[in-house]
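So you can see what is in the structure, the chains are spelled out below.
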Amino acid sequence: MSWIARIFFALVAVGAVVCGMVGFHAYLKDFPQYGSSFLDLGYYSLQLFVLDASPLQNADGLPLLLQIARFAAPIVTVYLIILATQALLLGRLQQARIAVMRRHSILCGPPELTRRLAEQISAEKGKVVVISPDPAKPSVRGRELHMIGDPRRPAVLARAGLARAREVITVGLDSVRNAEVAIAVDAVNQDKNTKVVCYAEAQDRGLFEAVIRQETGSEGRRVDLFSRHDRTAQGLLDHAPPAEPGAPVLVIGYAGLGRMLVDRLMRFWAEAEGAAESLRVLDLGLSGTALTARHSDPQGRITVTAADHDPAWLTSIDQLQVPAADGTPQVPERVYVCLDDDAQAIAVGNLALRLLAGHESTVVVAMAHSDSLGAAAVRREVDADESVAAPSPVRELEKAKLVLVSVIRTVYAIAAIRTGTNETLARAIHNTYLERESHSGAPSPSAVPWKDLRPYLQDSNREQAWDIAPKLASIGYTVIPATGPITPLAISDHDAEKLAEVEHRRWMAERMAKGWSYGAEYGKDSKVHPDLVPWAELPKDRRKIDRDFVLATPSQLAAAGLIMVRTR
């Protein structure tokens, strides 16, 4: 029922009570045996809603207002019965549909974000269950189900069909709530012995990784955390990176996105060896000491300087220039505006464009909140086999260009969310396999690009990626997000041998669970494999494959922006 109908019947109910009281006041003058106080009149009027007003038993000659009230009140009662019946049937219908749903997505978070994700999933013919605490949301339209409940409670997730779901996605800026949902998902996974992935947004990935790990007591949980700022920063560098080695870069705004973008830039330049790089960060109250302490370059190839200046008061191109290593001022080739206020960000970006007019400079403005202004910055991991289109400027001024990028469109694209840390690790594992096979005289039929890899082999890589953290925990390491250039640690030969055996056992269990068995000759159709034997019986050349994968783990983690840290 619409809100208009609800308002209409509410007015009818009020009108019925008022008409009833006025009508009873006139009618009961001839019947002194009935009370006629204000409370009595109100009580008799309320009885009209249940067809049981005492003074009206066998009555005739009723005043007009009372006649209106005694018909209007039951109409409101019938309407309320219809609403209650509808709610009851809706709840039953929801549970019936959920009971038969398979491979659906469970969404939690603010309505504007879950709506955006639900539309994308429905467009690809997927099914969605949105869990919302708002009682105005339940519906059973199309492929979308809205149910009322708190997703932080395992029982609510179980009612949403978590055990049969494809994924749980919890989004929004409330990182504590998202972490609680992830912990509840882990609880249901353990109770039902399932492996449903939870994609959870967290403003500080490293902190909430530690919190969830402590609460679940498990390194093997299926939680893939992502940060809005980290995703946007990576998208900016893939969508609008520095044009060439050595080109000076200016970042305006350091809080949140700006800090993460500087982290990503430092890593970007560290991986691309070449010319000396120079970066300047401009923001009010910015400390150069704090900036260089967080973003230092061990090799000394990257010069990072700070400018303590209000971005809203840019008056000269000199304020935008980036000092080189020798102090020579340079006009920035890229300017990234990373301010939290969209109106201020556009104003600062436009001001920078005017100051840079006549120079080959591009000003990239990140729109933090608008979902209609700016394009999505597609990350290369999302579509690694396709070239990322260059951004289209919204304004050009004498060679200088202004580009708008939407944070909402970048972060809350379903493909971007699903291409999270574990997916990136899985692809890095496959790249390790491709590198090994490229040196083989007879490459395997599986040595193909990721997009051409058979789905069951993609899943196998994903399972191997999920098992990296538990394996490293067994030798005293944990995995955390990197905050700058990455120098991968080396795994000792002793630990590599131990983890290789663990990986072989995991691989055997995975294959056997899918119906594979031992056979002297490999057979894809018959599902037999000669390596399905205990580690002690595995030939040395086959053991080396597992050891090589283990030794490549630090570089695979680096590809996903992660590092190993010793815990004991």
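Please refer to the structure higher up on the page.
Not measured: the values here are computed from a predicted model.

A. Broad picture of empty space enclosed by the protein. This structure, assessed with the given rule, holds two cavities of 30 Å³ or more. As a volume, the largest cavity reaches approximately 270 Å³. Taken together, 19 residues make up the lining of the largest cavity; nearest its centre are E209, R221, V223, T421 and A469. For the lining of the largest cavity, the secondary-structure elements that each account for two or more residues are α7 (205–216), β6 (223–226), α14 (421–438), α15 (455–466), α16 (468–474) and β16 (477–481). Considering only residue class, the lining of the largest cavity consists of eleven nonpolar, two polar and six charged.

B. Main features of the packing of aromatic side chains. In total, this model carries eight aromatic pairs according to the counting rule given. On the numbers, 6.4 Å between centres and 90° between planes, the contact of Y34 with Y44 is edge-to-face. With Y34 in the loop between α1 (3–27) and α2 (38–47) and Y44 in helix α2, this residue pair connects regions lying ten residues apart in the sequence. Take Y44: its relative accessible area is 9%, and that puts it in the buried class. Here the aromatic residues F24, Y34, Y43 and Y44 are joined through ring pairs into a cluster of three or more.

C. Examining the pairing of strand β15 (residues 400–406) more closely. Across the seven residues of β15, six count as buried, placing the element largely inside the fold. Across six bridges, strand β13 (residues 362–367) lies against β15 in parallel orientation. Along β15, the bridge assignment pairs A366 with V405. With three bridges joining them, strand β14 (residues 395–397) and β15 adopt antiparallel strand pairing.

D. Quick look at the environment of P534. Structurally, P534 is set in the loop between β18 (528–529) and α18 (540–551). The sequence separation of P534 and I417 amounts to 117 residues, and the corresponding C-alpha distance is 38 Å. Other than its neighbours up to four places away in sequence, P534 contacts H504 and M508.

E. Representation of a nonpolar patch on the surface in the model. On the surface, a cluster of nonpolar side chains totalling about 530 Å² of accessible area is made up of V14, V18, V22, L64, L65 and I68. When its relative accessible area of 43% is taken as the criterion, I68 is described as partly exposed.

F. Just the nonpolar core, in detail. Grouped together as the largest cluster of nonpolar side chains are 46 residues, with contacts concentrated most on V251, L261, L279 and Y336. The element contributing the most residues to this core is helix α9 (residues 257–271), with seven residues. The next biggest cluster of nonpolar side chains, apart from the first, holds 28 residues, and it includes I106, M147, V185 and V223.

G. Geometry of the layout of surface pockets. One number sums up the size of the largest pocket: a volume of about 970 Å³. If you list the elements that add at least two residues to the lining of the largest pocket, you get β5 (197–201), α13 (414–418), α14, α15 and α17 (493–513). Class assignment of the residues belonging to the lining of the largest pocket gives a composition of eleven nonpolar, four polar and 16 charged. Looking at the second largest pocket, its volume works out to about 780 Å³. Forming the boundary of the second largest pocket are 30 residues, of which Y433, W507, R511, H529 and R542 lie nearest the centre. The set of elements that each furnish at least two residues to the lining of the second largest pocket consists of α14, α15, α17 and α18.

H. Quick peek at the environment of A312. Mapped onto the fold, A312 is located in the loop between β9 (302–308) and β10 (322–323). Residues A312 and A347 lie 35 residues apart in sequence; the distance between their C-alpha atoms is 7.9 Å. Here A312 is in contact with Q344, V348 and L351, once residues within four sequence places are set aside.

I. Region of the structure containing the pairing of β6. Here β6 shows no split at all, with V223 and L225 on one side and D224 and F226 on the other all buried. Note: β5 against β6, four bridges, orientation parallel. Across the sheet, residue C198 finds its bridge partner in β6, namely V223.

Quick notes on the rules
Per chain, the residues get numbers from 1 upward, laid out in the order the sequence is written. In keeping with the predicted nature of the model, local features appear solely for residues at pLDDT of at least 70, side-chain atom pairs appear and are counted solely at 80 or more, and the whole-chain, interface and lining totals rest on all residues. The basis for every side-chain value is the complete set of non-hydrogen atoms in the structure, without hydrogens or water. For cavity detection a 1 Å grid was placed over the protein atoms alone, and a set of points counts as a cavity when a 1.4 Å probe fits there but cannot get out; an open set counts as a pocket when protein lies on both sides within 12 Å along at least five of seven lines, with lining residues being those that have an atom within 4 Å of a point. Grid points are joined across faces, edges and corners, and a volume is the space filled by probe spheres set on the points. Here a helix means four or more residues in a row that DSSP labels H or I, a strand means two or more in a row labelled E, and each is numbered from the N terminus. Ten residue types, Ala, Val, Leu, Ile, Met, Phe, Trp, Tyr, Cys and Pro, are classed as nonpolar, four, Asp, Glu, Lys and Arg, as charged, and the remainder, Gly among them, as polar. The criterion for an aromatic pair is that two Phe, Tyr or Trp rings (for Trp, the six-membered ring) have centres within 6.5 Å, with stacked assigned to planes under 30 degrees apart, edge-to-face to planes over 60 apart and tilted to the rest. Working definition: with a 1.4 Å probe on protein chains only, accessible area under 20% of the residue-type maximum means buried, over 50% means exposed, and in between means partly exposed. Criterion used throughout: strands pair if DSSP finds at least two bridges between them. What makes two residues a contact is simply this: any of their non-hydrogen atoms within 4.5 Å. Note that patches include only residues with greater than 30% relative accessible area and no salt bridge, and the join distances are 9 Å for like charges and 5 Å for nonpolar side chains (Val, Leu, Ile, Met, Phe, Trp, Tyr). Residue-level accessible areas treat just the shown protein chains as cover; the underlying method is Shrake-Rupley with a 1.4 Å probe. Salt bridge, as used here: a side-chain nitrogen of Lys or Arg that lies within 4 Å of a carboxyl oxygen of Asp or Glu. What makes a nonpolar core is a set of buried Ala, Val, Leu, Ile, Met, Phe, Trp, Tyr and Cys residues whose side-chain atoms join them at distances within 4.5 Å.

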